[in-house]
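Architecture and fold: a report
Given next are the chains, with one letter for each unit.
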Amino acid sequence: MAAKTSAKSEKKTEKKNEKQNTWLTYTDKQKKEVFAFNEEYRQFISGCKTERECVKEAIRMAEAKGYKNLNDCIAKNTKLKAGDKVYLNNMGKAIAFFLIGSEPLEKGMKILGAHIDSPRLDLKQVPLYEDTEMALLDTHYYGGIKKYQWVTLPLALHGVIVKKDGTQISVCIGEDPADPVVCISDLLIHLSAKQMEKNGAKVIEGEDLNILIGSIPLKDEEKDAVKANVLKILKDKYDIEEDDFLSAEIEAVPAGPARDLGLDRSMITGYGHDDRVCAYTSLAALLEMDKIDRTAVCLLVDKEEIGSVGATGMTSVFFENAVAEVMNLQGDYSELKVRRALAASHMLSSDVSAAYDPNYPAVNEKKNTAYFGKGLVFNKYTGSRGKSGSNDANAEFMAAIRGALGKHNVPFQTAELGRVDEGGGGTIAYIMAKYNMQVIDSGVAVLCMHSPWEIASKTDIFEAKQGYVAFLKEM
Ligand code: MN
Ligand code: MN
């Protein structure tokens, strides 16, 4: 388990980040604006706990600002011109928004990208079983988690069940205060002598992540009567049979809304800041814009936490196809021009950064660490060991971004994910860089990344949005 590590490896000569705390730079009016923006974000992550829920809400937000479904434009062969706003939905789990610029697409785009999948527990395809008159759901964890963090906390079930005839049933149990919640049990401390000797990765093992969902047996049922009773409830409430789990995607996530954190309400604790905090701020920045020189894009993708694979992940050709469709409706399509458009683009690949944690100082090198209250974070490179797997953005591009943010007085900081050789992580940046475009990792610093409840600072969330707006305006 994560024991506190000693800070003795920190050299005395290392200087603390001297950047000013952004809270000190606000007028009362600006502070109000920061809090108001964050309240909207808090509601967003409280309601959007799956990639599908994020896509649905993002569409609602965008349509309110005049965005139209690109598929409708394709069907009607509607020509796209400067100032038009369109989106393309990828299977309900990823989405691209375009604000058409006055310049030809060939000149490149300004892309804000983030991911909307978060670590969680997925129900297995055959999840339901009974053991000693308790009904349980078997899960398979998604993304990198410390499994011991997911026991004993109230969980909600979010997702869809698709019946054989294609009917889709949305499930959301555990969010309304009147709803029941579900939970994974843990061993009582009194009998944990052997468990407590295991290392952190093994204290709770993957197959132990079984969700308790019922304990009343159905009357006159001879075998697995508790399971039968759960099935009866599912039939009555959702009209689903046990077999329907075969074609379902149900995610167990921490139940309840995100909350203001701290007596000064300066932070938010919530599920899935990674990476909905960057997704929301990227989209909010785009939705502030009505006209632009080079086409602006907000790209929200799925499957980042498991390697950006699959049709809805960043390695899919979905985005490339979307660009081709947009170009075609501008009456300017050619394969060569699509390639030029992608190669000439600039992108902020946004994902959360590890914030400095005073409880665990030893994993960071203080000069190159993200801090709460210091604004949007840029990671020139991510990766692990000798920058392995990293995109490593160009100095020229970072310089242009410094210029853009400076012009709009947006506070920012630069960071690495931990000390050299301490660990590491990856994002979608390298995948976009394959098109030969300029891309850099940026985002919001969070504490307890990938835990059920992550923490982010309200000023950093607000300044991320400001930074994205500056990027769209200046790059
Ligand atoms: Mn992550
Ligand atoms: Mn992430």
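Moving on to the nonpolar core. It is characteristic of soluble globular proteins that their nonpolar side chains tend to be buried jointly. Residues Phe-97, Leu-300, Phe-378 and Leu-472 are the most contacted members of the largest nonpolar core, which totals 63 residues. Counting residues per element, this core draws most heavily on helix 6 (residues 273–287), which supplies 9 residues. Once residues within four sequence positions are removed from consideration, Phe-97 is found in contact with Ala-58, Ile-59, Ala-62, Tyr-67, Val-86, Tyr-87, Leu-283, Leu-286, Ala-296, Val-297, Cys-298 and Leu-300. Grouped together as the second largest cluster of nonpolar side chains are 35 residues, Ile-161, Val-171, Leu-231 and Phe-245 included.

By the assigned domains, the protein chain splits into domain 1 (18–118 + 271–474) and domain 2 (120–254). Relative placement of domain 1 and domain 2: their C-alpha centres are 33 Å apart. Taken together, the 19 residues of domain 1 in the interface contact 17 residues of domain 2. Both faces combined, the contact of domain 1 with domain 2 buries some 1,500 Å², and carbon together with sulfur accounts for 49% of it.

In this section: the sheet that holds strand 1 (residues 68–69). Spatial ordering of the open sheet is given by 1-2-3-14-4-15-21-17-19, a layout of 9 strands whose pairing is mixed. At either end of the open sheet lies a strand with only one pairing partner, and these are strand 1 and strand 19 (412–414). The strands that helix 7 (residues 318–329) touches are strand 2 (85–90), strand 3 (94–99), strand 4 (110–115) and strand 14 (296–301); relative to strand 3, the one it contacts most, it runs at about 30 degrees.

Turning our eyes to something else, we now look at the coordination of the manganese ion (ligand 1). When four donors bind a metal tetrahedrally, each ideal donor-metal-donor angle is 109.5 degrees, and when six bind octahedrally, the ideal angles are 90 or 180 degrees. In the first shell of the manganese ion (ligand 1), the protein supplies Asp-274 (OD), Glu-305 (OE), Glu-305 (OE) and His-450 (NE2), at 2.0 to 2.6 Å from the metal. Each donor residue of the manganese ion (ligand 1) belongs to the same chain, with the gaps between them written as D-x30-E-x144-H. Taken as an interatomic distance, the gap from the manganese ion (ligand 1) to the manganese ion (ligand 2) is 3.1 Å; Asp-274 donates to each of them. Of this pair, Asp-274 sits in helix 6 while Glu-305 is found in the loop between strand 14 and helix 7, placing the two residues 31 residues apart along the sequence. Looking at Glu-305, the relative accessible area reads 14%, which means it is buried.

What counts and how
Residues numbered from 1 in each chain as written. Chains lettered and ligands numbered in written order. Predicted model: local features only at pLDDT ≥ 70, side-chain atom pairs only at ≥ 80, totals over all residues. Heavy atoms only, no water. Core = buried A, V, L, I, M, F, W, Y, C linked by side-chain atoms within 4.5 Å. Buried < 20%, exposed > 50% of the residue type's maximum accessible area, 1.4 Å probe, protein only. Helix = DSSP H or I, 4+ residues; strand = E, 2+ residues; numbered from the N terminus. Contact = heavy atoms within 4.5 Å. Domains from an automatic or database assignment. Buried area = accessible area lost by both parts, 1.4 Å probe. Pairing = 2+ DSSP bridges. Axes fitted to C-alpha atoms, helices over the stretch in contact; angles between N-to-C directions. Donors = N, O, S within 2.8 Å, 3.2 Å for Na, K, Ca; no water.

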